[in-house]
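So the chains spell out like this:
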Amino acid sequence: MITHPFTYQAPSTIEEAVRELGRNGESKVIAGGHSLLPLMKLGLAQPEALIDLRRIASLREIRIEDDGIVAIGALTTHRDIAHDPTVRAKLAALAEAASAVGDLQVRARGTIGGSLAHADPAADEPAPALAFDATIRAIGPQGRRDIKATEYFKGTFETALAENEIITEVRFPAPAGRTGSAYAKFAHPASGFAVTGVAAVVTVKADGSVERVAIGVTGAAAAAYRATAAEKALAGTNGDAKAIAAAAAKATDAITALSDLAASSEYRKHLVTVYAKRAIERALSRAKA
Ligand SMILES: Cc1cc2nc3c(=O)[nH]c(=O)nc-3n(C[C@H](O)[C@H](O)[C@H](O)COP(=O)(O)OP(=O)(O)OC[C@H]3O[C@@H](n4cnc5c(N)ncnc54)[C@H](O)[C@@H]3O)c2cc1C
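## Digging into empty space enclosed by the protein
Item 1. This model, assessed by the stated rule, comprises one cavity of 30 Å³ or more.
Item 2. Lining the largest cavity are Ala 119, Asp 120, Pro 121, Pro 126, Phe 153, Gly 155, Ala 223 and Ala 224.

## Structural notes on the side chain of Thr 218
Item 1. Within the secondary structure, Thr 218 sits in strand S13 (residues 210–218).
Item 2. Residue class for Thr 218 comes out buried when judged on its relative accessible area of 0%.
Item 3. At 2.6 Å, the side chain of Thr 218 and the backbone oxygen of Ala 123 are in polar contact.
Item 4. Dropping the residues within four chain positions of it, Thr 218 is found in contact with Pro 121, Ala 122, Ala 123, Asp 124, Ala 127, Tyr 183, Ala 194, Val 195, Thr 196, Gly 197 and Ala 224.

## Details of the environment of Gln 9
Item 1. Residue position: Gln 9 is located in strand S1 (residues 7–9).
Item 2. The exposure class assigned to Gln 9 is partly exposed, which follows from its relative accessible area of 26%.
Item 3. Considered as a pair, Gln 9 and Ala 194 are 185 residues apart in the sequence and their alpha carbons are 33 Å apart.
Item 4. Ignoring any residue separated from it by four or fewer positions in sequence, one finds Gln 9 in contact with Glu 20, Ala 49, Leu 50, Ile 51 and Asp 52.

## Examining the site of the ligand
Item 1. The full set close to the ligand counts 31 residues, and Val 29, Gly 33, Leu 36, Thr 111 and Asp 124 are the nearest of them.
Item 2. With respect to the ligand, the backbone of Val 29 contributes an N or O atom lying 2.5 Å from an oxygen atom.
Item 3. Within the backbone of Ile 167, a nitrogen or oxygen atom sits 2.8 Å from a nitrogen atom of the ligand.
Item 4. Of all the elements in the fold, those that place two or more residues in the shell around the ligand are strand S2 (27–30), helix H7 (112–118) and strand S10 (166–172).
Item 5. Here the shell around the ligand takes four residues from H7, the largest share from any one element.
Item 6. By residue class, the composition of the shell around the ligand is 14 nonpolar, 13 polar and four charged.

## As for the domain arrangement of the chain
Item 1. Domains assigned within the chain are domain 1 (7–52), domain 2 (57–172) and domain 3 (178–288).
Item 2. Averaged C-alpha coordinates put domain 1 and domain 3 at centres separated by 35 Å.

Parameters at a glance
Residues numbered from 1 in each chain as written. Predicted model: local features only at pLDDT ≥ 70, side-chain atom pairs only at ≥ 80, totals over all residues. Heavy atoms only, no water. 1 Å grid on protein atoms, 1.4 Å probe; cavity = no way out; pocket = protein on both sides within 12 Å on 5 of 7 lines; lining within 4 Å. Points joined across faces, edges and corners; volume = space filled by probe spheres on them. Helix = DSSP H or I, 4+ residues; strand = E, 2+ residues; numbered from the N terminus. Buried < 20%, exposed > 50% of the residue type's maximum accessible area, 1.4 Å probe, protein only. Polar contact = N/O pair within 3.5 Å; in protein donor to acceptor, adjacent residues only side chain to side chain. Contact = heavy atoms within 4.5 Å. Near = heavy atom within 4 Å. Nonpolar A, V, L, I, M, F, W, Y, C, P; charged D, E, K, R; others polar. Domains from an automatic or database assignment.

Right, dumping it as C-alpha cells:
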C-alpha cells in the first residue's frame, strides 16, 4: 500500500513533462512503474507528484537513422526490445539482455529508460549499453544533452542524469564490419536480477583475428562498468580459447566486487570470469559467421 499522498499527471508531450517536473522539486516521472512503485510501497520514495510518461507516443519508437544509429525510445519495454527484428539483427546482446529481465510481466511493463534512470547495480540493460558505446539522450529545462554510457553510471542508483532531466532515447551506434555480440547472465534464483551479466561486442578482421572488443559488466560492482583490461588483452589476438580465457580473467581488474547473500565477492569475481568467457565466445562466433 502507498500511504503518502501524491498528485498524478499524464502529459502528452515531452515539453509539458519537463515543465511539470521542474515545477516541484519532489516530482518524479514514472514509466513502467516496476522499480518506482515498489519503492513507494516501502516508503523509500515519497514523491509529491508523479508525472506519467506513457501518453508520450514518440518515446516508444525504435528507429534507424541515416548514419545507422539505432535510436530506442525511453518508453520502449524490455519485451518490445527483445522482440524487435532490428535490435535482434544488429544488437543481439541488447536483445538478449532485455529478454533476460525478470519475468514476462516485468518485461511487458518495464522500460529501457526506467532501467537506465534507476541504475540498479544488478540491472541487465546497462551492460549492453556500455558494450555498444550507447549514448543516453536526455532533455531538461536547459535543453537536450547526450551522455555517453561510459560516463553515465556513477554508482549504486546514481547516474549523470540531473533530477530535472528526462531520458528520451538510448542511441546505439550501428556496429561496423564483421561484428557479433552476446549477453551472458547468471540470474539470482529468486529475484531474477543479474548476480553477474556480461555483454561482449567483438569485431573481427578478414583473417578472423580480433580487431576490437568492448565488454560491459553488470551485477558485480556498485555500478555497471567497462572491463577495459579484458578488452585490451583480447584485442589484436587470434581469439583462440587461450586468448579468451586470458582476457576473461581480467574482467574484474580494478573493481571492488559486491558481496551479499547471493554471492561473496570472490564468487562474484569467479562468475564474471566464467560469464565473460561465454559472452566473448558467442560474440566471436557470431562475428565470424
Ligand atoms: C519482480 C521484478 C523483477 C525484476 N527483475 C529484473 C531483472 O532481472 N533485470 C533488470 O534489469 N530489471 C529487473 N526489474 C526491474 C525492471 O526492469 C524495471 O522495469 C526497471 O528497472 C525500471 O523501469 P520502469 O520503466 O519500470 O521504471 P519506473 O519504475 O517507472 O521508474 C524507475 C525510476 O526511473 C525514473 N525514470 C523512469 N523513466 C525515466 C525517464 N525516461 N527519464 C528519467 N527518469 C526516468 C523514475 O522517476 C524512477 O526513479 C525487475 C522488477 C521487478 C518488479
